[in-house]
Amino acid sequence: MTSKNTSTRLLLALWDLGGVQQEVKKGQLTKRIVSKSQKVADYQGIFEELQKQGAIAISKKGYSLTSGKGLEVLGEGLRSGEFKFEGTIVGTWAANALVKWISHIDVAVTGADVPVNGKSALANLSEGIASYDEFKSVALEVYDKLNYEYNFNNLVPIYRIRREIGDRVSRTQFSEWLLEMQEKDVLQLMAGEMRDITPDKRDDSITIPGGGLRYYTKLLNS
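Undergrad: I'd like to hear about the sheet that holds strand β3 (residues 62-65), residue by residue, with values.
TA: Two orientations exist for strands paired in a sheet by backbone hydrogen bonds: parallel and antiparallel. Spatially, β1-β3-β2 is the arrangement adopted by the 3 strands of the open sheet, whose pairing is antiparallel. Bordering the open sheet on either side are β1 (24-25) and β2 (56-58), each of which pairs with just one other strand. Pairing of β2 with β3 involves 3 bridges; the strand directions are antiparallel. In the strand pairing of β3, A57 is matched with S64.

Structure representation (C-alpha coordinates):
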(Lines give C-alpha, C1' and ligand atoms only; values in the text may rest on other atoms or scores of the structure.)
Protein backbone atom coordinates (compact mmCIF):
# COMPACT_ATOMS: atom_id res chain seq x y z
CA MET A 1 0.00 0.00 0.00
CA THR A 2 1.26 3.47 -0.83
CA SER A 3 1.51 5.96 1.99
CA LYS A 4 -0.26 8.76 0.06
CA ASN A 5 -3.24 6.60 -0.94
CA THR A 6 -3.58 5.14 2.53
CA SER A 7 -3.41 8.54 4.21
CA THR A 8 -6.15 9.87 1.94
CA ARG A 9 -8.34 6.80 2.49
CA LEU A 10 -7.83 7.10 6.25
CA LEU A 11 -8.81 10.79 6.24
CA LEU A 12 -11.83 10.09 4.04
CA ALA A 13 -13.03 7.40 6.44
CA LEU A 14 -12.51 9.67 9.44
CA TRP A 15 -14.37 12.52 7.73
CA ASP A 16 -17.25 10.24 6.73
CA LEU A 17 -17.56 8.99 10.32
CA GLY A 18 -18.06 12.56 11.52
CA GLY A 19 -14.51 13.12 12.70
CA VAL A 20 -14.73 16.89 12.24
CA GLN A 21 -17.64 17.14 14.67
CA GLN A 22 -16.66 14.53 17.23
CA GLU A 23 -13.99 12.07 18.22
CA VAL A 24 -14.24 8.73 16.41
CA LYS A 25 -13.41 5.62 18.42
CA LYS A 26 -10.25 3.86 17.34
CA GLY A 27 -11.96 0.55 16.68
CA GLN A 28 -14.64 2.22 14.57
CA LEU A 29 -12.04 3.77 12.26
CA THR A 30 -9.64 0.84 12.01
CA LYS A 31 -12.55 -1.48 11.17
CA ARG A 32 -12.98 0.48 7.96
CA ILE A 33 -9.39 0.93 6.85
CA VAL A 34 -7.52 -2.16 8.06
CA SER A 35 -8.02 -5.14 5.75
CA LYS A 36 -7.85 -8.79 6.82
CA SER A 37 -4.28 -9.08 5.52
CA GLN A 38 -3.10 -6.06 7.53
CA LYS A 39 -2.56 -5.10 11.14
CA VAL A 40 -3.37 -1.86 12.93
CA ALA A 41 0.36 -1.50 13.60
CA ASP A 42 0.91 -1.16 9.84
CA TYR A 43 -0.83 2.21 10.03
CA GLN A 44 1.05 3.58 13.03
CA GLY A 45 3.50 5.62 10.94
CA ILE A 46 0.70 7.11 8.86
CA PHE A 47 -1.28 8.15 11.96
CA GLU A 48 1.83 9.77 13.41
CA GLU A 49 2.61 11.63 10.18
CA LEU A 50 -0.94 12.98 9.88
CA GLN A 51 -0.83 14.08 13.50
CA LYS A 52 2.50 15.81 12.87
CA GLN A 53 0.97 17.65 9.90
CA GLY A 54 -1.88 18.84 12.10
CA ALA A 55 -4.44 16.97 10.00
CA ILE A 56 -5.71 14.78 12.83
CA ALA A 57 -5.75 14.75 16.62
CA ILE A 58 -5.15 11.54 18.54
CA SER A 59 -6.29 10.70 22.07
CA LYS A 60 -6.29 7.48 24.08
CA LYS A 61 -9.80 6.68 22.91
CA GLY A 62 -9.91 7.85 19.33
CA TYR A 63 -9.20 10.21 16.47
CA SER A 64 -10.61 13.48 15.19
CA LEU A 65 -10.12 15.39 11.95
CA THR A 66 -9.15 19.06 12.14
CA SER A 67 -11.59 21.30 10.25
CA GLY A 68 -8.81 23.34 8.67
CA LYS A 69 -5.65 21.40 7.94
CA GLY A 70 -7.33 18.00 7.97
CA LEU A 71 -9.87 18.91 5.30
CA GLU A 72 -7.15 20.61 3.29
CA VAL A 73 -4.95 17.50 3.27
CA LEU A 74 -7.94 15.29 2.45
CA GLY A 75 -8.95 17.53 -0.45
CA GLU A 76 -5.43 17.60 -1.84
CA GLY A 77 -5.21 13.82 -1.63
CA LEU A 78 -8.50 13.23 -3.44
CA ARG A 79 -7.57 15.72 -6.18
CA SER A 80 -4.18 14.14 -6.67
CA GLY A 81 -3.76 12.32 -9.96
CA GLU A 82 -2.03 9.57 -8.00
CA PHE A 83 -4.98 8.70 -5.77
CA LYS A 84 -6.73 5.40 -6.41
CA PHE A 85 -8.31 2.53 -4.49
CA GLU A 86 -6.14 -0.53 -4.49
CA GLY A 87 -7.44 -4.03 -5.17
CA THR A 88 -10.46 -5.13 -7.20
CA ILE A 89 -13.23 -4.36 -4.67
CA VAL A 90 -14.08 -0.92 -3.30
CA GLY A 91 -16.06 -0.89 -0.06
CA THR A 92 -19.57 0.57 -0.10
CA TRP A 93 -18.56 3.06 2.59
CA ALA A 94 -15.80 4.44 0.34
CA ALA A 95 -18.13 4.91 -2.64
CA ASN A 96 -20.77 6.60 -0.48
CA ALA A 97 -18.15 8.78 1.20
CA LEU A 98 -16.89 9.98 -2.18
CA VAL A 99 -20.43 10.86 -3.27
CA LYS A 100 -20.86 12.77 -0.02
CA TRP A 101 -17.54 14.57 -0.57
CA ILE A 102 -18.50 15.54 -4.12
CA SER A 103 -21.70 17.09 -2.75
CA HIS A 104 -19.56 18.96 -0.21
CA ILE A 105 -17.34 20.31 -2.99
CA ASP A 106 -20.34 21.37 -5.06
CA VAL A 107 -21.60 23.52 -2.19
CA ALA A 108 -18.19 25.16 -1.77
CA VAL A 109 -17.93 25.88 -5.50
CA THR A 110 -21.41 27.38 -5.61
CA GLY A 111 -20.61 29.64 -2.66
CA ALA A 112 -17.29 30.58 -4.20
CA ASP A 113 -19.02 32.40 -7.05
CA VAL A 114 -19.34 35.51 -4.88
CA PRO A 115 -16.26 37.62 -5.70
CA VAL A 116 -14.12 39.48 -3.20
CA ASN A 117 -12.01 42.14 -4.88
CA GLY A 118 -12.47 40.28 -8.14
CA LYS A 119 -11.63 36.91 -6.63
CA SER A 120 -13.55 34.07 -5.04
CA ALA A 121 -13.53 34.20 -1.24
CA LEU A 122 -13.33 30.44 -0.74
CA ALA A 123 -10.80 30.04 -3.54
CA ASN A 124 -8.27 32.18 -1.68
CA LEU A 125 -8.28 30.56 1.74
CA SER A 126 -4.58 31.25 2.28
CA GLU A 127 -4.90 35.01 1.86
CA GLY A 128 -5.47 37.42 4.72
CA ILE A 129 -8.75 39.31 5.14
CA ALA A 130 -8.24 43.05 4.94
CA SER A 131 -11.70 44.57 5.35
CA TYR A 132 -15.08 44.13 7.02
CA ASP A 133 -16.83 43.60 3.68
CA GLU A 134 -14.41 40.84 2.74
CA PHE A 135 -14.78 39.25 6.17
CA LYS A 136 -18.58 39.34 5.90
CA SER A 137 -18.46 37.61 2.52
CA VAL A 138 -16.11 34.89 3.76
CA ALA A 139 -17.97 34.42 7.06
CA LEU A 140 -21.31 33.99 5.26
CA GLU A 141 -19.84 31.47 2.83
CA VAL A 142 -18.33 29.51 5.72
CA TYR A 143 -21.64 29.70 7.59
CA ASP A 144 -23.54 28.32 4.60
CA LYS A 145 -21.01 25.56 3.99
CA LEU A 146 -20.95 24.38 7.61
CA ASN A 147 -24.71 24.67 7.99
CA TYR A 148 -25.29 22.55 4.88
CA GLU A 149 -22.57 20.00 5.50
CA TYR A 150 -23.29 19.31 9.17
CA ASN A 151 -27.04 20.03 9.30
CA PHE A 152 -26.74 22.64 12.05
CA ASN A 153 -30.32 23.79 11.40
CA ASN A 154 -29.21 27.43 11.00
CA LEU A 155 -27.43 27.50 14.38
CA VAL A 156 -23.76 27.31 13.42
CA PRO A 157 -21.21 27.18 16.28
CA ILE A 158 -19.06 30.31 16.33
CA TYR A 159 -15.96 28.31 17.20
CA ARG A 160 -16.39 26.33 13.96
CA ILE A 161 -16.52 29.51 11.88
CA ARG A 162 -13.49 30.94 13.70
CA ARG A 163 -11.46 27.78 13.10
CA GLU A 164 -12.54 27.51 9.47
CA ILE A 165 -11.35 31.05 8.75
CA GLY A 166 -8.23 30.38 10.79
CA ASP A 167 -5.29 32.76 10.74
CA ARG A 168 -6.61 34.76 7.80
CA VAL A 169 -7.71 37.25 10.46
CA SER A 170 -6.61 37.89 14.04
CA ARG A 171 -8.74 36.64 16.91
CA THR A 172 -9.55 40.18 18.02
CA GLN A 173 -10.48 41.31 14.52
CA PHE A 174 -12.65 38.23 14.01
CA SER A 175 -14.64 39.06 17.14
CA GLU A 176 -14.97 42.74 16.25
CA TRP A 177 -16.18 42.08 12.72
CA LEU A 178 -18.59 39.34 13.84
CA LEU A 179 -20.07 41.77 16.38
CA GLU A 180 -20.36 44.35 13.60
CA MET A 181 -22.30 41.85 11.50
CA GLN A 182 -24.76 41.54 14.39
CA GLU A 183 -24.98 45.29 14.79
CA LYS A 184 -25.85 45.59 11.09
CA ASP A 185 -28.55 42.89 11.39
CA VAL A 186 -26.74 40.43 9.17
CA LEU A 187 -26.81 37.71 11.80
CA GLN A 188 -27.66 37.13 15.46
CA LEU A 189 -25.17 35.82 18.02
CA MET A 190 -26.89 33.43 20.40
CA ALA A 191 -26.12 31.77 23.74
CA GLY A 192 -27.93 28.43 23.84
CA GLU A 193 -26.49 25.22 25.26
CA MET A 194 -23.43 23.42 23.94
CA ARG A 195 -23.37 19.90 25.34
CA ASP A 196 -19.85 19.05 24.19
CA ILE A 197 -18.34 22.34 25.36
CA THR A 198 -14.62 22.30 26.16
CA PRO A 199 -12.28 25.10 27.28
CA ASP A 200 -10.88 25.54 23.77
CA LYS A 201 -14.36 25.68 22.20
CA ARG A 202 -15.38 28.25 24.81
CA ASP A 203 -12.29 30.34 24.02
CA ASP A 204 -13.07 30.17 20.30
CA SER A 205 -16.64 31.37 20.85
CA ILE A 206 -17.32 35.07 21.48
CA THR A 207 -18.09 37.30 24.45
CA ILE A 208 -20.66 40.07 24.06
CA PRO A 209 -19.72 43.24 25.97
CA GLY A 210 -21.84 43.10 29.11
CA GLY A 211 -23.78 40.14 27.79
CA GLY A 212 -21.71 37.04 28.42
CA LEU A 213 -20.71 34.23 26.08
CA ARG A 214 -22.32 33.48 22.74
CA TYR A 215 -21.81 30.04 21.21
CA TYR A 216 -23.91 30.14 18.04
CA THR A 217 -24.67 32.39 15.14
CA LYS A 218 -27.94 32.49 13.21
CA LEU A 219 -28.30 34.17 9.86
CA LEU A 220 -31.24 36.58 10.02
CA ASN A 221 -34.18 35.89 7.71
CA SER A 222 -33.14 32.24 7.47
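So that's the structure; there's more coming.
Undergrad: An account of the pairing of strand β7 (residues 187-190) is requested, with residue identities and associated values reported.
TA: Here β7 shows one buried face, formed by L187 and L189, and one open face, formed by Q188 and M190. Pairing between β7 and strand β10 (residues 216-219): 4 bridges, direction antiparallel. Across the sheet, the residue bridging to L189 is T217, located in β10.

Undergrad: Run through the nonpolar core, naming residues and quoting values.
TA: W15, L29, F135, I165 and L178 are the most contacted members of the largest nonpolar core, which has 53 residues in total. Other than its neighbours up to four places away in sequence, I165 contacts I129, F135, V138, A139, V142 and F174.

Undergrad: Tell me about the sheet that holds β7, residues and numbers included.
TA: Read across the sheet, 3 strands follow the order β6-β10-β7 without closing on themselves; strand pairing throughout is antiparallel. Edge positions in the open sheet fall to β6 (156-157) and β7, since each of these has one partner strand only.

Undergrad: An account of the packing of aromatic side chains is needed here, citing residue identities and associated values.
TA: In total, this model carries 4 aromatic pairs according to the counting rule given. Here F135 and W177 contribute two aromatic rings whose centre-to-centre distance is 5.5 Å and whose plane-to-plane angle is 35°, an arrangement assigned as tilted. Taken together, the positions of F135 in helix α6 (residues 132-150) and W177 in helix α8 (residues 171-183) put the pair 42 residues apart, joining distant regions of the chain. With respect to class, F135 is no different from W177; both count as buried. Put simply, the rings of F135, F174 and W177 touch in pairs and so form one group of aromatic residues. Residue placement shows R160 over the ring face of Y150; its charged tip is 4.6 Å from the ring centre.

Undergrad: Explain the side chain of D16 to me, using residue names and the numbers behind them.
TA: Mapped onto the elements of the fold, D16 is located in helix α1 (residues 3-16). Judged by its relative accessible area of 19%, D16 falls in the buried class. Of the polar contacts made by the side chain of D16, one reaches the side chain of R32; its length is 2.7 Å. Leave out the neighbours within four places in its chain, and D16 touches R32, W93, A97 and K100.

Criteria and thresholds
Residues numbered from 1 in each chain as written. Predicted model: local features only at pLDDT ≥ 70, side-chain atom pairs only at ≥ 80, totals over all residues. Heavy atoms only, no water. Pairing = 2+ DSSP bridges. Helix = DSSP H or I, 4+ residues; strand = E, 2+ residues; numbered from the N terminus. Buried < 20%, exposed > 50% of the residue type's maximum accessible area, 1.4 Å probe, protein only. Core = buried A, V, L, I, M, F, W, Y, C linked by side-chain atoms within 4.5 Å. Contact = heavy atoms within 4.5 Å. Phe/Tyr/Trp six-rings, centres within 6.5 Å; stacked < 30°, edge-to-face > 60°. Lys NZ or Arg CZ within 6 Å of the ring centre and 35° of its normal. Polar contact = N/O pair within 3.5 Å; in protein donor to acceptor, adjacent residues only side chain to side chain.

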